[in-house]
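What the coordinates show
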Amino acid sequence: MKNNALPSFRQRGLSLSSLNVPRRYHLPIILLRTLCFIPSVLGTLYNTQQAWGVPIRDSGGAITLKSTESDYWVASIWCVLAGYWSWILTTSMMRRWLYHYEISNAIVRLLTLTFVNWSISAFVCSKIESDRPIRIWMTICLILLISNVLKLCFGTSPKYHQKTEDVLQSPVRINLKSTAVKVLVLPLTVVTFLTTFVALQQLDGLQYTTSQLMMHQPFGLNHNDLSIATTTTAAISSSTMLILIISSWSPEAFERRQMLRKTDLKLAMDSNNNNNNVAYRFVIGQPPSARSQMLMGPRIENESETYRDMLLVPASDLHTDKSRKVFEAFRWSLKFKYDYLVKSDDDVFVRWDTVKNELRALGRQSAYWKGLVYRNMAPDALGVDKTINADYPLPILPSYTSGTMYILSQDVVNLIVGIDSPQRFVSAEERNLGIWLFGYNINPIHDYRVQDGSACEQNQIAKRFKNKKLGEMQTMYDNIINGREQCTSLDTSTCGLCYPCRDKKDDWRASSLSCDQFKGVTDRHSSPYLKVSGPDVKDTLAPSVVGENDDWIIDGLLSQRTSKFSETDDWHLLYWVCWTSDPSTFTDRHWRALELVWVHEPRAVIFMISNTLPKDFFQDYTHHGYEIHVVHFNKENLLNWHWYFGPGTLDWLRDWDKWENGKFFYWHLTDYIRCLLLYNYGGTYMDMDALWIRVPPDHNLEFIGSDYSSLISDREWTLDDEGLYLPQGLMRFKRGWALFREMCESAFSSYSYDPECFNCHGPKAITSYVREHRAALELAGFTILPREVLYPASYLEIHRYLLANPLAEQELKTKIVVNSWNIHLFGKMTNHLPIEKGSLVDLVLRRFDLDIPHRDTATNNAVISSTGAWTVPMRLVGPRNYIYRYMSPFTHIPQESTDSRRRALQQPAAGRFQGLDRIYVRGGPSVIDKVQVTLEVAFGKLKIGVPASPDFIKDTIELKDASQKDINVILNSLVYSPSPLLAANGGRDRMSVLVEYSDGERDEVLVDVIVVESEEDGEI
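Just so it is clear, the structure is predicted and the values come from calculations on it, not from any experiment.

Within the protein chain, the regular secondary structure consists of 30 helices and 36 strands. Out of the 1020 residues belonging to the protein chain, those deemed buried represent 53%. Long-range contacts, defined as pairs at least 24 residues apart, comprise 75% of the intrachain contacts of the protein chain with a sequence gap of at least 6. Looking at the protein chain as shown, the accessible area adds up to about 46700 Å², and 54% of this sits on carbon and sulfur atoms.

Attention shifts here to helix 21 (residues 665-680). End to end, helix 21 covers 22 Å across 16 residues, agreeing with the expected 22 Å (1.5 Å per residue, within 8%). Of all 16 residues that make up helix 21, 14 are buried, and the element is covered over most of its length.

A probe matching the size of a water molecule, rolled over the atoms, marks out where space remains unfilled. Applying the stated criterion to the full structure yields three cavities of 30 Å³ or more. For the largest cavity, the calculated volume is near 40 Å³. At the level of elements, helix 2 (38-57), helix 3 (69-100), helix 4 (103-127) and helix 5 (133-154) are the ones that each hand at least two residues to the lining of the largest cavity. Across the lining of the largest cavity, the residue classes break down as six nonpolar, five polar and no charged.

Across the sheet, which stays open at both edges, the seven strands sit in the order 17-16-15-18-23-20-24 with mixed pairing between neighbours. Of all strands in the sheet, those with a lone pairing partner are strand 17 (627-632) and strand 24 (782-784), marking the two edges. Averaged over all pairs of adjacent strands, the angle between strand axes in this sheet comes to 25 degrees, irrespective of strand direction. As defined by bridge partners, strand 18 (residues 683-686) adjoins strand 23 (residues 730-733) across four bridges and the pair is classed as antiparallel. Each residue of the ladder has a partner; that of Gly-683, found in strand 23, is Phe-733. Packed on one face of the sheet, helix 23 (residues 763-779) meets strand 20 (702-704), strand 23 and strand 24 and runs near 120 degrees to strand 24.

Along the chain, Asn-822 falls in strand 25 (residues 822-824). A distance of 3.3 Å separates a polar atom in the side chain of Asn-822 from the backbone oxygen of Leu-691. Excluding residues that lie within four positions of it along the chain, Asn-822 makes contacts with Ala-690, Leu-691, Trp-692, Ile-693, Leu-730, Val-789, Leu-790 and Pro-792.

Our next topic: the environment of Ala-180. Considering the arrangement of structural elements, one finds Ala-180 in helix 7 (residues 176-209). By relative accessible area, which is 18% here, Ala-180 ends up buried. The sequence separation of Ala-180 and Cys-153 amounts to 27 residues, and the corresponding C-alpha distance is 10.0 Å. Apart from residues no more than four positions distant in its own chain, Ala-180 is found in contact with Leu-152 and Val-185.

The subject of this paragraph is the state of the cysteines. Under the criterion given, the structure shown has four disulfides. Note on cysteine connectivity: Cys-498 is disulfide-linked to Cys-515, with sulfurs 1.8 Å apart. In this structure, the disulfide formed by Cys-498 and Cys-515 twists by about 100 degrees around the S-S bond and is classed as right-handed. Remark: Cys-515 occurs in strand 11 (residues 513-516) and Cys-498 occurs in the loop between helix 15 (472-481) and strand 11; sequence separation between them is 17 residues.

Here the protein chain averages 84 in pLDDT, while 86% of its residues score no lower than 70. Below a pLDDT of 50 lies the segment residues 59-64, which in the model reaches 11 contacts outside its immediate sequence neighbourhood of four places, other chains included. Residue range residues 230-237 is modelled with pLDDT below 50. Its contacts to residues more than four positions away, or to other chains, number 10 contacts.

Let us look at the environment of Glu-1013. The residue Glu-1013 is located in the segment after strand 36 (1002-1011) in this model. In this structure the C-alpha to C-alpha distance between Glu-1013 and Ala-984, which are 29 residues apart in sequence, comes to 6.4 Å. Once residues lying within four places of it in the same chain are set aside, the contact partners of Glu-1013 are Ala-984, Asn-985 and Gly-986.

Moving on: the pairing of strand 7 (residues 369-374). Of all six residues that make up strand 7, six are buried, and the element is covered over most of its length. Bridge count for strand 7 against strand 8 (residues 400-409) is five bridges, and the pairing is antiparallel. Within the sheet, the bridge partner assigned to Tyr-374 lies in strand 8 and is Tyr-400. Judged from the two bridges that link them, strand 7 and strand 9 (residues 445-446) form a sheet pairing that is parallel. Across the sheet, Gly-371 pairs through a bridge with His-446, a residue of strand 9.

Conventions and cut-offs
Residues numbered from 1 in each chain as written. Predicted model: local features only at pLDDT ≥ 70, side-chain atom pairs only at ≥ 80, totals over all residues. Heavy atoms only, no water. Helix = DSSP H or I, 4+ residues; strand = E, 2+ residues; numbered from the N terminus. Buried < 20%, exposed > 50% of the residue type's maximum accessible area, 1.4 Å probe, protein only. Contact = heavy atoms within 4.5 Å. Areas by Shrake-Rupley, 256 points an atom, 1.4 Å probe, with all protein chains shown as cover. Expected span 1.5 Å × (residues − 1). 1 Å grid on protein atoms, 1.4 Å probe; cavity = no way out; pocket = protein on both sides within 12 Å on 5 of 7 lines; lining within 4 Å. Points joined across faces, edges and corners; volume = space filled by probe spheres on them. Nonpolar A, V, L, I, M, F, W, Y, C, P; charged D, E, K, R; others polar. Pairing = 2+ DSSP bridges. Axes fitted to C-alpha atoms, helices over the stretch in contact; angles between N-to-C directions. Polar contact = N/O pair within 3.5 Å; in protein donor to acceptor, adjacent residues only side chain to side chain. Disulfide = S-S within 2.5 Å. pLDDT = per-residue confidence, 0-100.

Structure follows, in structure tokens:
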């Protein structure tokens, strides 16, 4: 058997016992020998770290050419070779020393060799630039190679590999050539081959993929012959559009371009085949390799000559450099004038006809950015991107739009490429767009019709197709030009992002995504950092066009999207109530709740949303001129009227049959409808157990009430530690508040709806939302009223107001009317309790009584009126004394003036006769032939009407064929203002209200007016 002069790891002859080394020295010598690995281990760790750190170093683009990841990985291989040769040299020398010297002397020499090894390695690393890792470790390997060759030639002897007694008996012959080949030549050959291979690959791709080498190259192919009419030369109603379709050098991309020319790009043409306002280019970068240039170059040149629609930009064509390619295409686009730039990809079918028509209708806009918007997304939420994860310190990305398709106005493009400082680049170009535009305060407009995935929806405007399904582009195009739905014969089983997912697979909500139809897509389980609400708390609702996007529910009054009053100054006249119980449960207190609305606001228009009451249920009131309309609802009506906020609530309504048998369903349905009504139409929503005692002092005030919960467990979601929450029994808002939409899309999503939770979809839902967004909401005019304004008694105390009380009148005058606008009876707690005579509620109902005869629905026989008959005389009701106080309107008082705002809530509008000062008529026939109303004041001035008449001291208004409502509208509009002397010094005035009827009857109210100086306001 032949032994090698230099040992390898597989030889058993390496045992220290063969050299007669005592056993107690085995471990120290092995550890000392292992120290020779330290330089190579440190080098390997350093190079590995540097390789992983290249994305950090080059984030945003390297300024100079430096070592690549491949360079560091190859350097690590040389480190391993250096460690191997160092081990061979150390082991060979150790054997020699152990043979010739004592153990202690051999250990000293071993330490010396290790120190020399370390020193030489450190010296080489210090003399060669750290960015040349391969050169460093090739040099160290060269030194070790020479050392091993010298040792092999001059220091090899068989006696170092056998026990002393064996050397004399059977001397070993050493094959130096075989040893050199195994230990030196073969490892060196392998490592050199790998190094050469990687170097050739990098050298081949350097000129094709290095952006620094392309910066000064010109644009190529059809880069100058762009034909597009600017807006100044085109028709005023037109908008010019430049389309950039990102493509590549691959054969598959060539096929995709051909398909797009045969299909969707034809949709960009006008009916006369003229596209003077639209131009497009397929954008490709520099060839990614010599092979690609050789194979695809002639085909692309021929394609360019044939179609004249190719653009070659000075950027790499690799997918990881797509952002650079897009950036260079943007830079090229600024050579031309256009209104909008639309970016898409060559695997995307775009409804260019729809896009073009919408931009034409929009006209020229500035700071315009539209697409499928992603907001508050973590860098790795939709997949890991090393180029951004490596050095992006924030938990979320700026808002960005999907790269499938997005639209930019030219001024936005100029912001991206028109700056002198270098831009940052990451591989995901859609995220890069958000980074480029971050800081310019340009908010992208969300368009859910742009889809990233494979879904096909009928109103989709951008859809990706895989290469294997490229032929489906032709199918979609044929469907469009033949008037069929675009997804006919295509797979529609997948749910599109932000679309309803009922009966479809791949529900996007299962991926922890949520979608807001105005703001875009967000991650439901984003990082736990504190979120600050944005300033946009109101949605801009699309205008209603009856016959196009809207239809009437009640002709001329209520449509599916808006109402006659919603966009006017009279929005506060809208009142909404719901009733889902049997008509027989509609008791007198419910009739009176409606009457109290008209007592205080006779012009109010009430919509009763019901699935049980007949259309003519309130005909006794409509005959007296008051407006109340029963709107029947059911599942089909809600769906047909588009009474849903988005995909979540649409799925929830479609699953009506699934939820209907739940014990809380109709409570939840009422919670849902009230939010939808306020969002779509605005106005006042009130429960049927809410009793008005005076109207808000400012009709522009948007408000919700507050109350306190006594349950400790509720502190998790209440507004403060004392249990303050927001009941929904009475609310007034203008249309479009986003909180109603966002709250319902979360609480009433078919994916998250909890039918067993009574309170989760009402007060808890809105309180939780307001808790998170309170500052932004209040800044926009959202007012949370003190508890006593709408809920003077809690649900645990409200029964007291129904009990007879000798002090009830005093409490009403000194406490309730002063601090409150409304008394909420909490019907669930009080419907079974009688209203006792002499109770506070009894006083309110007797004080504010229109006395319109109506049938008792409980018995269907008795007539409810003051006379117990259908005939009731008309009477004028008014106060004996009226105190005039001046107070700035609530909405004009700064929020920090808490006390002033609270007093403004407590006081009626100056000069208006509200609350217990209300002047109105009750009873009487449904129509009176002739009525004269005479108003007179001694010192001050009066005015009436909407809009208000000029000031007068005495005036007579004559009404013909007047209803009770007509008279009360005049009386309700009465406004008193004191003379300058009274306003400055205070004093008394005298006012007379006289109502004369055609039958000779007359009623008069004389009012003593007490004018209080403004500085005394706090003392009265």
